[in-house]
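Below, each chain spelled out in residue letters.
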Amino acid sequence: MKSKTNQIISIFILFSIFMAIVWYKFSNKIHFENPLFNNLIKDIIFILFVGLLFRYILSKNDNRNIRILDKIRTNTNEIKESNEKYDIVSKATSDTIWDWKIQEDSITWNKGIASIFGYTEDQVGNTSAWWFDKIHPEDSIKMSVKLYSFIEQKSEKWQDQYRFRCSDNTYKYVLDRGFLLKDKEGRALRMIGAIQDITKQKQEEQNLKLLETVVTQTKDAVVITKSDSESALFPNIIYVNDAFRLMTGHKSENILLKPFNPFNTDNLDHNEYEKFCSALAEKRECQIETLTRKKNKEEYWVRFSMIPIYNADKELSHWISIQKDVTAERKQEKEKEQLIRELTQNNKDLKQFSYITSHNLRAPLSNLIGLLNLIEDITITDSELLEIINGFNKSTHLLNETINDLVKIIVIKDQISIQKENVSICEVLEHVFNQLQFQIEQSEPVLKVNIDPIETIYTNKAYLESILMNLLTNSIKYKSESNRLKITISTKKINNKTVLKFKDNGIGIDLKRNSDHVFGLYQRFHDYPDSKGLGLYLVKSQIESLGGNISIESEVNKGTQFTLTF
């Protein structure tokens, strides 16, 4: 503006000098009689020429000002329109837009800094230091170096990925893109960028990497096929993992874009084939087990699934098949089935043998017992013969008891359904006491029974009586010689189950040595002449056949407690 004013003044001075010289020349040629008139004419002419000059200069200046004003108005409208577009884009986009004036180190943010990262207006700083402070420590140095290197190189476009801290101190993965504005000398003046939240994308990428690792490292074969195949039935293969190559012997490059056909043997399982075709036609998942062939024509059993994959438009796009070689498993199943058949048959044969043996031995034993009873009526004077006959009599009765016990066990194990009824525990216990009245009177135990007289359990009465009989007999038989025998019998309800506790203070059992075979058949823990090691085995067999269980707690010379759950 000053240069324009100086220019006008300079022109005016030059023009005035020029007019003075012209008038001087002109006045020398023309002489007016009156000097005043001469000066008046000179001043008027000078004023006219100056007025015309000023009119010309001002006219040009007005035109120039109009052009400048129009240009300013146009620029203002463009800036306004640009700002309106910027505001619209800022509102429409989910990105966080920032504007960094580099020379002033002044940075502004749009509303995305609040909506995405949770910062309020008073929490947001207006310098780059606030921005860099929110970058994850592991990413900050790398990002800063790349950014300032970009500014120094004066490239126009920049982008980077890093983690940005939210207002709640959590971090989000972001993709940051920036555009650099420079002056005529190439100095970086301003940088405008947009931060995009890519946390979900990063998580999906990590999940995809994990899935890729699973697919590539799994021992099961994985086959991916396209849904739109030129084949009439089988979809075309687009991917197989290494496990498929090891399983089948086919290289991936030899089978890609070829139909996936697992039914490639002469021994076609029509049921599985129809199930497979039906699943493909109905676009649903299926499980198939069939015989197939490797590249070398070797047959093997494979179990595989066909899982349909749908795109965002819910259209079938691919099939994923996960396959497992079950040849060894099938072989083991056949061997297992054969073994089960053999064991079942052997069990039947053993049962039959037991029944036959017990039946065939009963008659001779009955005859022997009858003959021994007759011999008892005969007077025998020979002491040696009498000792032989007594020993024979004892052995015969023991053999008879053993056969009876074995028959009981066979009946328990072979009985599929056991008749049950509501049984009064007290009535059964009273019956057992009556049967063992002689032994009870001899041992004189302290009996403590804590059972509700009206309490019943749904069980088999004969089995319950046999169980209580065996436990009470054992307590009397294995009582301590130094202490008076004490027996406690109690019941309680737990979760609709009846728990019966049978406790004594007898000589006990060493469970550290015998815990694994306490309830075993013919297991004896004390040297008693009439101990057969069968009672606890019968108790366990009977209660388990009723659907219950039994446990034991015992210490030597302290006693034993049995817990029976019905």
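Check the entry above for the structure.
The residue numbering used here restarts from 1 in each chain and proceeds along that chain's sequence as written. Reporting of local features is limited, given that this is a predicted model, to residues whose pLDDT is at least 70; pairs of side-chain atoms are given and counted only at 80 or more, and all residues count toward the totals for whole chains, interfaces and linings. With hydrogens and water stripped out, all remaining heavy atoms of the structure feed into the side-chain values.

So, about the overall build of the chain. Secondary structure counts use DSSP, requiring at least four H or I residues in a row for a helix and at least two E residues in a row for a strand, with both numbered from the N terminus. When helices and strands are counted, the chain shows 16 helices and 17 strands. For every residue, the accessible area (1.4 Å probe, protein chains only) is compared with the maximum for its type, and the residue is labelled buried under 20%, exposed over 50%, or partly exposed between those bounds. When burial is assessed residue by residue, the chain has 33% of its 566 residues classed as buried. Partitioning the contacts of the chain with sequence separation of at least 6, the portion at a separation of at least 24 is 55%. Whether two residues touch is decided by their heavy atoms; if any such pair falls within 4.5 Å, the residues are in contact.

Next up on the list: the nonpolar core. It is characteristic of soluble globular proteins that their nonpolar side chains tend to be buried jointly. As used here, the term nonpolar core means buried Ala, Val, Leu, Ile, Met, Phe, Trp, Tyr and Cys residues forming a set that is joined through side-chain atoms within 4.5 Å. Grouped together as the largest cluster of nonpolar side chains are 36 residues, with contacts concentrated most on Leu-471, Leu-472, Leu-500, Phe-502, Phe-562, Leu-564 and Phe-566. Where this core is concerned, the elements lending two or more residues are α12 (425-435), α14 (461-477), β14 (486-494), β15 (497-504), α16 (535-545), β16 (549-555) and β17 (559-565). The element best represented in this core is α14, accounting for eight residues. Judged by nonpolar contacts, the second largest core, of 26 residues, contains Trp-98, Phe-132, Phe-150 and Met-191.

With that settled, the discussion passes to the packing of α12 against α14. Note on definitions: angles span 0 to 180 degrees between N-to-C directions of axes, and those axes are lines fitted to C-alpha atoms, for helices only across the stretch in contact. Look at α12 against α14: their axes get within 9 Å of each other, and the N-to-C directions meet at 50°. Regarding the angle of α12 to α14, the classification is oblique. Once α12 is placed against α14, the crossing between them reads as right-handed. Residues Val-428, Leu-429, His-431, Val-432, Phe-433 and Gln-435 of α12 lie in contact with α14, whose contacting residues are Lys-461, Leu-464, Glu-465, Leu-468, Met-469 and Leu-472. Residue classes in the contact of α12 with α14 are distributed as eight nonpolar, two polar and two charged. Geometric relationships in this document are graded by angle, where less than 35 degrees denotes roughly parallel, more than 145 denotes roughly antiparallel, 65 to 115 denotes roughly perpendicular, and other angles denote oblique. In this scheme, a crossing is called left-handed if the near helix is turned counterclockwise away from the far one by less than a right angle; it is called right-handed if the turn is clockwise. Charged means Asp, Glu, Lys or Arg here, nonpolar means Ala, Val, Leu, Ile, Met, Phe, Trp, Tyr, Cys or Pro, and polar covers whatever is left, Gly included.

Moving on to the sheet that holds strand β7 (residues 237-240). Pairing between two strands is assigned when DSSP locates at least 2 bridges connecting them. Ordered in space as β7-β6-β10-β9-β8, the five strands form an open sheet in which the pairing is antiparallel. Edge strands, defined here as strands with exactly one partner in the open sheet, are β7 and β8 (286-293). The sheet shows a mean angle of 25° between the axes of neighbouring strands, direction not considered. Both β8 and strand β9 (residues 299-310) contribute to a ladder of eight bridges, which runs antiparallel. Bridge pairing in β9 places Gln-287 opposite Ser-305. Set on the sheet, helix α9 (residues 270-282) makes contact with β8, β9 and β10 (316-325); between it and β8 the angle comes to about 130°.

The next thing to look at is the side chain of Gln-323. Relative to the elements of secondary structure, Gln-323 occurs in strand β10. Under the relative-accessibility criterion, Gln-323 is labelled buried at 4%. Counted as a polar contact is a pair of N or O atoms within 3.5 Å, where, for protein atoms, one must be capable of donating a hydrogen and the other of accepting one, and residues adjacent in sequence contribute only when both atoms are in side chains. At a separation of 3.4 Å, a polar atom in the side chain of Gln-323 contacts the side chain of Ser-321.

Let's shift gears to the sheet that holds β14. Sheet strands associate in pairs through backbone hydrogen bonding, adopting either a parallel or an antiparallel arrangement. Sheet architecture is open: five strands sit in the order β12-β14-β15-β17-β16, paired in mixed fashion. Because the sheet does not close on itself, it has two edges, and the strands there are β12 (446-450) and β16. The mean angle between the axes of side-by-side strands here comes to 10°, regardless of whether they run parallel or antiparallel. Direction of pairing for β16 relative to β17: antiparallel, over a ladder of seven bridges. Along β17, the bridge assignment pairs Glu-555 with Gly-559. The strands touched by α14 are β14, β15 and β17; relative to β15, the strand with the most contacts, the crossing angle is about 20°.

For the rest of this paragraph, the subject is the pattern of salt bridges. Here a salt bridge means any side-chain nitrogen of Lys or Arg lying within 4 Å of a carboxyl oxygen belonging to Asp or Glu. Counted according to the given criterion, the structure contains 16 salt bridges. In this structure, Arg-187 engages Asp-183 in a salt bridge whose closest nitrogen and oxygen atoms are separated by 2.9 Å. Residue classification places Arg-187 among the partly exposed residues on the basis of a relative accessible area of 47%.

Side-chain rings of Phe, Tyr and Trp (the six-membered ring for Trp) are treated as a pair once their centres are within 6.5 Å; stacked means planes under 30 degrees apart, edge-to-face means over 60, and tilted covers the remaining angles. Using the criterion set out here, one finds 17 aromatic pairs in the structure. Where Trp-100 meets Tyr-148, the ring centres are 6.4 Å apart and the plane angle is 85°; that geometry is what we call edge-to-face. With a gap of 48 residues between them, Trp-100 in strand β1 (residues 96-101) and Tyr-148 in helix α5 (residues 137-153) connect regions that are remote in the sequence. Trp-100 gets classed as buried once you look at its relative accessible area, which sits at 2%. On the basis of relative accessible area, Tyr-148 is assigned to the partly exposed category, the value being 38%. Centre to centre, the rings of Trp-131 and Phe-132 are 5.1 Å apart; their planes meet at 25°, and the pair counts as stacked. Judged by its relative accessible area of 0%, Trp-131 is buried. Within the aromatic cluster, the residues linked to one another by ring pairs are Trp-98, Trp-100, Trp-109, Phe-117, Tyr-119, Trp-130, Trp-131, Phe-132, Tyr-148 and Phe-164. For Lys-294, the ring lying beneath its charged end belongs to Tyr-300, and the centroid distance is 5.6 Å. Either the NZ atom of lysine or the CZ atom of arginine qualifies as a charge over a ring when it sits within 6 Å of the ring centre and within 35 degrees of the ring normal.

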